[in-house]
Amino acid sequence: MTSQTTRTEHDSLGPLSVPADAMWGAQTQRAIDNFPISGQPMPPNFIQAVARIKAACARANQQLGLLEQIKADAIVQAAEEIITGQHLNQFPVDVFQTGSGTSTNMNANEVIAHLASNISGERVHPNDDVNMSQSSNDVIPTAIHLSAALMLETQLMPALDHAQRVLRDKAKAVQGAVKTGRTHLMDAMPVRLDQELDTWQQQLYDNAARLQSVKTRLHQLPQGGTAVGTGINAPSDFAKTFCDCLNQQCQQTPELKGMSFTPMPNPFVGLSSQDTAVELSGQLNTLAAGLVKIANDLRWMNSGPLAGLGEIQLPALQPGSSIMPGKINPVIPEAVAMAGTQIIGNHTTLTLAGQSGNFQLNVMLPLIALRLLESLTLASNALTTLADKAIEGFVVNNRNLTETLAVNPILVTALNALVGYETGAAIAKEAYRSGRAVLDVAQEMTDLDRDALASYLDPEKLTHGGLPDDFTHSE
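From a predicted model like this one, the values you see are computed outputs, not experimental measurements.

Enquirer: Let's hear about the overall build of the chain: which residues, and what values?
Expert: From N to C terminus, the chain includes 18 helices and 10 strands. Along the first, second and third principal axes, the C-alpha set of the chain runs to 100 × 60 × 40 Å. Within the chain, contacts between residues at least 6 apart in sequence are counted, and of these 70% link residues at least 24 apart. When the accessible area of the chain is evaluated, it comes to approximately 21,900 Å², of which 52% is carbon and sulfur surface. Separation between the mean location of the 30 positive side-chain charges and that of the 46 negative ones in the chain comes to 3 Å.

Enquirer: Summarise the nonpolar core; cite the residues concerned and give the values.
Expert: For soluble globular proteins, the rule of thumb is that nonpolar side chains tend to be buried together. Membership of the largest hydrophobic core comes to 113 residues, with the highest contact counts inside it found for Leu156, Phe242, Leu376 and Phe394. With 18 residues, helix α6 (residues 136–173) is the single largest residue contributor to this core. Excluding residues within four positions of it along the chain, leucine 376 makes contact with Ala148, Met151, Leu152, Leu156, Leu280 and Leu284. The next biggest cluster of nonpolar side chains, apart from the first, holds 14 residues, and it includes Val438, Leu453, Leu457 and Leu462.

Enquirer: So what about the packing of aromatic side chains? Which residues, and what values?
Expert: Scanning the entire structure with this criterion turns up one aromatic pair. Considering the side-chain rings of phenylalanine 238 and phenylalanine 242, the 6.4 Å spacing of their centres and the 20° angle between planes classify their relative orientation as stacked. One end of the pair, phenylalanine 238, and the other, phenylalanine 242, are both in helix α8 (residues 238–251), four residues apart, so they sit about a helical turn from each other. By the burial criterion, phenylalanine 238 is buried, and phenylalanine 242 matches it.

Enquirer: Requested: an account of the pattern of salt bridges, with residues and values cited.
Expert: Per the stated rule, a full pass over the model turns up 17 salt bridges. In this structure, aspartate 440 and arginine 450 form a salt bridge, with 2.9 Å as the shortest nitrogen-oxygen distance. Of this pair, aspartate 440 sits in helix α16 (residues 438–445) while arginine 450 sits in helix α17 (residues 450–456), placing them 10 residues apart in sequence. Beyond isolated ion pairs, a larger network of salt bridges with shared partners links Lys179, Arg182, Glu196 and Glu311.

Enquirer: Give me the lowdown on the environment of leucine 405, citing residues and values where you can.
Expert: Mapped onto the elements of the fold, leucine 405 is located in helix α13 (residues 398–406). Here leucine 405 falls in the buried class, since its relative accessible area comes to 6%. Along the chain, leucine 405 and leucine 88 lie 317 residues apart, while their C-alpha atoms are 58 Å from each other.

Enquirer: An account of unusual backbone geometry is needed here, citing residue identities and associated values.
Expert: Backbone torsion omega between glycine 304 and proline 305 reads 5°, so that peptide bond is classified as cis. For histidine 184, which is not glycine, the phi dihedral falls at a positive 60°. By secondary structure assignment, the location of histidine 184 is in the loop between β3 (178–183) and β4 (186–192). Residue asparagine 233 is not a glycine yet carries a positive backbone phi of 70°. With respect to the helices, strands and loops of the structure, asparagine 233 is situated in the loop between β5 (220–221) and α8.

Enquirer: Describe the environment of aspartate 198, naming the residues involved and giving the relevant values.
Expert: Tracing the chain through its elements places aspartate 198 in helix α7 (residues 193–218). Assessed through its relative accessible area of 35%, aspartate 198 is described here as partly exposed. Residues aspartate 198 and asparagine 105, 93 residues apart in the sequence, show an inter-C-alpha distance of 46 Å.

Enquirer: Just give me the short version of the packing of helix α15 (residues 421–434) against α16, but keep the residues and values in it.
Expert: Interaxial distance between α15 and α16 falls to 9 Å at its minimum, and their mutual angle equals 130°. Classified by the angle their axes make, α15 and α16 are oblique. For the element pair α15 and α16, the recorded crossing hand is right-handed. Contact with α15, carried on its side by Ala426, Ile427, Glu430, Ala431 and Ser434, involves Val438, Val441, Ala442 and Met445 of α16 and no other residues of that element.

Enquirer: Requested: an account of the pairing of strand β2 (residues 14–19), with residues and values cited.
Expert: Alignment of strand β1 (residues 6–11) against β2, held across six bridges, turns out to be antiparallel. For glutamate 9, the partnering residue across the bridge sits in β2 and is leucine 16. Linkage of β1 to β2, two consecutive antiparallel strands, is achieved through a turn of two residues.

Enquirer: Quick one: what's the story with helix α10 (residues 275–302), residue by residue and with numbers?
Expert: Compared with an ideal rise of 1.5 Å per residue, which puts 28 residues at 40 Å, α10 spans 40 Å between its outermost C-alpha atoms and is within 8% of the ideal. Looking one or two places after α10, you find glycine 304, whose phi comes out positive at around 135°.

Enquirer: So what about the side chain of threonine 180? Which residues, and what values?
Expert: Relative to the helices and strands, threonine 180 resides in strand β3. The exposure class of threonine 180 is buried, given its relative accessible area of 2%.

Enquirer: Now, about the environment of leucine 448: what can you tell me, with residues and values included?
Expert: Along the chain, the position of leucine 448 falls in the loop between α16 and α17. Measuring from C-alpha to C-alpha, the distance between leucine 448 and leucine 418 comes to 9.3 Å, with 30 residues separating the pair along the chain. In this structure leucine 448 touches Leu418, Val419, Leu453 and Tyr456, once residues within four positions along its chain are discounted.

Cut-off values and rules
Residues numbered from 1 in each chain as written. Predicted model: local features only at pLDDT ≥ 70, side-chain atom pairs only at ≥ 80, totals over all residues. Heavy atoms only, no water. Helix = DSSP H or I, 4+ residues; strand = E, 2+ residues; numbered from the N terminus. Contact = heavy atoms within 4.5 Å. Areas by Shrake-Rupley, 256 points an atom, 1.4 Å probe, with all protein chains shown as cover. Lys, Arg positive; Asp, Glu negative; His and termini not counted. Charge placed at Lys NZ, Arg CZ, Asp CG, Glu CD. Core = buried A, V, L, I, M, F, W, Y, C linked by side-chain atoms within 4.5 Å. Buried < 20%, exposed > 50% of the residue type's maximum accessible area, 1.4 Å probe, protein only. Phe/Tyr/Trp six-rings, centres within 6.5 Å; stacked < 30°, edge-to-face > 60°. Salt bridge = Lys/Arg side-chain N within 4 Å of Asp/Glu carboxyl O. Axes fitted to C-alpha atoms, helices over the stretch in contact; angles between N-to-C directions. Parallel < 35°, antiparallel > 145°, perpendicular 65-115°, else oblique. Left-handed = near helix turned anticlockwise from the far one by under 90°. Pairing = 2+ DSSP bridges. Expected span 1.5 Å × (residues − 1).

In structure tokens, the structure reads:
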């Protein structure tokens with residue numbers, strides 16, 4: 001919280017009162033006053049990405065002979081304090097602000113200038129020094145790419161790897177468990193529980209591959225395009241020098257080692273559109289759809305325990321009802337399904353915001369940043385939570401699986417190649433009508449002996465597919 005006392009700051013519009021202990025200046029204060037819309041500031045990891053950009057720009061300007069070393073060093077040190085999580089309460093500007101994110105860029109310029117002035121003992125100007133060779137119009141799009149790339153690398157990809165490991169381990173642990181398959185939520189041919197888990201693991205693997213493919217474009221940065229993409233007021237080699245400085249910064253950070261960024265081939269694209277952000281959101285949308293599917297499968301499998309499927313029992317994490325004692329609900333799959341639904345909603349927002357590139361500038365950049373980073377956070381945390389608190393610890397109710405399989409008339413499908421579809425349908429109908437096992441009914445309605453039928457109808461064998469061993473096609 002800032003103090004009640006104030007000081008006077010000036011910008012091109014004139015003097016303005018600012019809280020005495022605030023590190024920001026007049027332009028930030030105008031934005032605070034102008035945009036009391038959501039109370040939601042830009043995400044911390046976005047602000048930290050802006051600070052990384054400011055540090056790399058200061059080094060680039062120094063190397064290109066535009067900025068004195070004492071100022072460059074002070075700007076870098078101030079930015080590094082923000083990168084490490086200090087001073088984040090000095091960035092209160094609302095997400096719903098000017099569409100270019102200029103207010104957030106100036107907020108960063110003013111705070112860093114304040115810190116750098118104290119560090120160096122020299123007057124560091126927010127525009128002339130901290131924002132040298134830059135515009136909000138290239139800083140904010142660059143920060144969208146950079147913050148998303150860092151989250152993808154350090155949070156989401158590790159979460160995907162972890163969830164896949166948990167699924168592989170659980171699949172091995174439940175080998176041998178055979179259950180009734182379901183299509184249209186109706187009884188179908190048997191499947192093994194490890195086959196279901198392997199399916200989920202493959203979905204996550206495919207999603208990781210899709211996300212990996214986005215990195216090529218996500219790691220291209222439009223910094224150096226300045227106001228409209230032409231690079232006005234920046235040296236011709238600024239974009240490359242900036243990326244070199246940013247890459248060096250990454251190499252000095254253990255969790256970012258190996259990451260590298262390059263100038264966007266056409267910086268006009270990075271300013272006027274947000275196609276890569278929409279692409280990344282689209283891949284997150286696909287992942288979210290898969291997460292909701294997996295979460296709902298777990299809910300159905302856990303349903304009951306008496307009047308549902310009752311195939312598995314999820315870990316009991318908390319009481320499930322304020323009125324029904326003893327009730328335990330599948331809270332983790334429900335939470336993950338909600339997170340997935342929010343990601344899907346965010347993709348709609350990003351798609352609409354991505355359309356708002358009017359000529360040389362997209363004018364919904366802060367909203368794009370907010371929702372993209374929220375989706376990355378939700379996906380990362382949902383994956384880890386689902387793996388650790390639902391999948392890893394569920395228990396298989398083998399008795400329920402076996403009893404259901406024993407009376408599943410759909411098993412007769414295995415006899416189609418031997419007795420034909422019509423006879424198979426008749427067997428199934430009679431098994432349904434009488435409530436008897438398919439094996440018993442089939443023995444009565446065919447000339448196949450019981451041992452052969454038992455082999456043909458063995459649920460575990462049926463999970464491997466193919467035709468009966470002694471089947472020969474008639475001429």
